[in-house]
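What the coordinates show
One-letter residues, chain by chain:
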Amino acid sequence: MKLDELQHRLMTDPASAREAAEAARAEGGEAARMVEESDALERLLDEAMKVRPPEGLQQQLRQTPFRAGRRKRGGPGAAGWLAMAASLTLAVAVTLFLVRDNAPPSDGGLAEHLAWHWEHDGPSVLAAARIGPTPSRRVEELLADFGVELAPELLDDVRLSKICPTPDGAGAHLVLATQDGPVTLYYMPRTSVPGSGEAHSLADGMRAWVFNVERGSVALVAERDRDLPALGREIASRLTFPDDRTL
Amino acid sequence: MSHEDRSRRFDGLARRYGDDLYRFAVWLCRDPALAADLVQETYLRAWKALDRLQDEGAAKSWLITILRREFARTFERKVPPIDDIDDVVVAEPNEQGPDDRTERDRLRDAIARLDAMYREPLALQVLLGLSVAEIAETLDLSESAVMTRVFRAREQLKARLSNEPPGKRT
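This section reports on the structure supplied with the text. (Residues numbered from 1 in each chain as written. Chains lettered and ligands numbered in written order. Predicted model: local features only at pLDDT ≥ 70, side-chain atom pairs only at ≥ 80, totals over all residues.)

With that out of the way, let us pick up the interface of chain B and chain A. Taken together, the contacts link 44 residues of chain B with 31 residues of chain A. At the level of elements, helix 1 (3-29), helix 2 (32-48), helix 5 (98-113), helix 6 (116-126) and helix 8 (143-161) of chain B are the ones that each hand at least two residues to the side of chain B that touches chain A. Looking at the side of chain B that touches chain A element by element, the count peaks at eleven residues for helix 1 of chain B. Its residues placed into classes, the side of chain B that touches chain A shows 23 nonpolar, five polar and 16 charged. (Contact = placed C-beta atoms within 7 Å. Helix = DSSP H or I, 4+ residues; strand = E, 2+ residues; numbered from the N terminus. Nonpolar A, V, L, I, M, F, W, Y, C, P; charged D, E, K, R; others polar.)

The following block contains the structure:
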């Protein structure tokens with residue numbers, strides 16, 4: 001085989017050029033060098049392109065039938081095995097989250113938990129949220145698992161939503177776009193704070209403002225100079241709790 | 001087909017192709033979070049249409065088609081600008097050290113910067129093992145167009161790795 005033909009095959013479909021490559025390797029010289037160079041590139045390409053899938057992805061995909069069934073049956077309030085499946089999905093997701101790297105503090109209280117949570121993934125989730133709004137349907141589904149609904153105008157501001165751990169079980173982690181910049185929101189369905197709310201300092205010059213809602217509490221995280229209590233009042237007025245589901 | 005059989009069949013599709021479809025989605029979206037969403041949406045649609053998949057041997061192409069259609073329908077407009085790629089694609093946990101990362105990360109950066117018309121057929125070939133004919137069918141191109149694109153993709157990557165302009169090396 002001519003060198004330019006060999007080169008063309010190695011560059012277009014190296015997998016189908018194995019026989020030709022073996023022959024070239026045996027031949028030595030320039031042909032063998034071409035094959036070596038191609039092998040090296042393909043190894044590197046394979047390594048570079050095969051990024052590691054997120055832990056739990058397979059499990060989430062395999063739970064698709066349960067999610068599809070839940071959508072068809074009407075979401076919040078669906079009873080029986082669908083609710084159990086949803087809870088199981090969340091339990092698996094949260095477990096995977098917890099075992100992924102360092103687990104959250106088990107008995108350090110809300111302040112320690114918030115500090116851990118922010119350091120654990122706060123900045124990276126904020127960065128991921130830059131790509132644009134999560135489909136509203138996905139946000140609604142996630143929150144429905146906690147029996148919460150957002151007003152449409154607030155739903156439009158959600159840039160990212162995911163399940164997250166709270167001091168008392170699973171919760172929701174959202175990033176909201178506001179006029180003054182992004183704000184992180186943790187919904188903690190089983191955690192409550194003293195009636196007037198409380199503030200906690202976090203790393204990176206951030207502050208958390210935690211306040212109770214009809215069921216559980218919400219922590220807002222943003223830069224220290226932001227008026228989080230005012231934003232909290234606005235958000236609280238746009239949350240509804242149509243059913244009593246808790247996870 | 002009973003619900004159990006359907007679920008078992010679907011489970012097999014998730015196990016066999018889930019990871020590779022995610023990887024393909026990463027290079028399509030150039031963003032891991034978006035890619036995970038895209039693959040989940042793909043599987044949701046696949047579940048709903050599972051009865052239409054008659055030939056198990058065509059499952060991979062079928063899933064790729066769903067994923068590409070879903071990407072074009074709702075995800076493409078959310079692809080991050082090129083300047084953000086370093087932050088989202090290259091980072092991966094549990095790396096060994098800077099020396100191990102250098103060459104691979106340079107290549108990742110170069111792949112991410114490839115034009116989509118070169119990046120996509122290359123990803124189909126490298127990640128999903130599609131032949132030139134299969135890529136041509138998937139992308140609705142001629143086989144010669146596919147060969148030209150994957151050739152140019154590799155040519156550009158080699159050039160970027162060696163800091164030479166494309167076309168200078170052979």
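What follows deals with the sheet that holds strand 4 (residues 181-188) of chain A. All names here are of chain A. The six strands are arranged 2-3-4-7-6-5 in an open sheet whose pairing can be described as antiparallel. A single partner strand is all that each edge strand has here, and the edge strands are strand 2 (158-166) and strand 5 (198-201). Going from strand to strand, the sheet's axes swing by 20 degrees on average, the running direction of each strand aside. As defined by bridge partners, strand 2 adjoins strand 3 (residues 169-178) across eight bridges and the pair is classed as antiparallel. Along strand 3, the bridge assignment pairs P165 with A170. On the sheet, helix 7 (residues 109-128) packs against strand 2, strand 3, strand 4, strand 5, strand 6 (206-212) and strand 7 (217-223) and is oriented at approximately 135 degrees with respect to strand 4. Relative to strand 2, helix 8 (residues 136-144) is tilted by about 20 degrees, and along the sheet it contacts strand 2 and strand 3. (Pairing = 2+ DSSP bridges. Axes fitted to C-alpha atoms, helices over the stretch in contact; angles between N-to-C directions.)

A few words on the pairing of strand 5 of chain A. Residue and element names in this part refer to chain A. Direction of pairing for strand 5 relative to strand 6: antiparallel, over a ladder of four bridges. Paired with S201 across the two strands is R207, which belongs to strand 6. The turn joining strand 5 and strand 6, which pair antiparallel and follow one another in sequence, is formed by four residues; a positive phi near 65 degrees is taken by D204.

Before going further, it helps to examine the packing of helix 6 of chain B against helix 8 of chain B. Residues and elements named next belong to chain B. As a packed pair, helix 6 and helix 8 sit with axes 8 Å apart at the nearest point and diverge in direction by 95 degrees. One element, helix 6, and the other, helix 8, form an angle in the roughly perpendicular class. Contact residues: M117, Y118, R119, P121, L122 and Q125 in helix 6; V146, R149, V150, R152, A153 and Q156 in helix 8. In terms of residue class, the contact of helix 6 with helix 8 is built from seven nonpolar, two polar and three charged. (Parallel < 35°, antiparallel > 145°, perpendicular 65-115°, else oblique.)

What follows deals with helix 8 of chain A. Since the α-helix turns once every 3.6 residues, residues separated by three or four places project in the same direction. When helix 8 of chain A is considered as a whole, its buried residues turn out to be V139, L142, L143 and A144 of chain A. Along its buried surface, helix 8 of chain A packs onto strand 1 (149-150), helix 9 (152-155), strand 2 and strand 3 of chain A. (Buried ≥ 20, exposed ≤ 12 C-beta atoms within 10 Å, placed from the backbone.)

Turning our attention to the environment of L10 of chain A. Residue and element names in this part refer to chain A. Relative to the assigned elements, L10 resides in helix 1 (residues 3-12). Look at L10 and you get buried, because 22 C-beta atoms sit within 10 Å. In the structure, L10 is positioned 29 residues away from D39 in sequence and 8.9 Å away in space, judged by C-alpha atoms. Once residues within four sequence positions are removed from consideration, L10 is found in contact with A17, A21, M34, V35 and S38.

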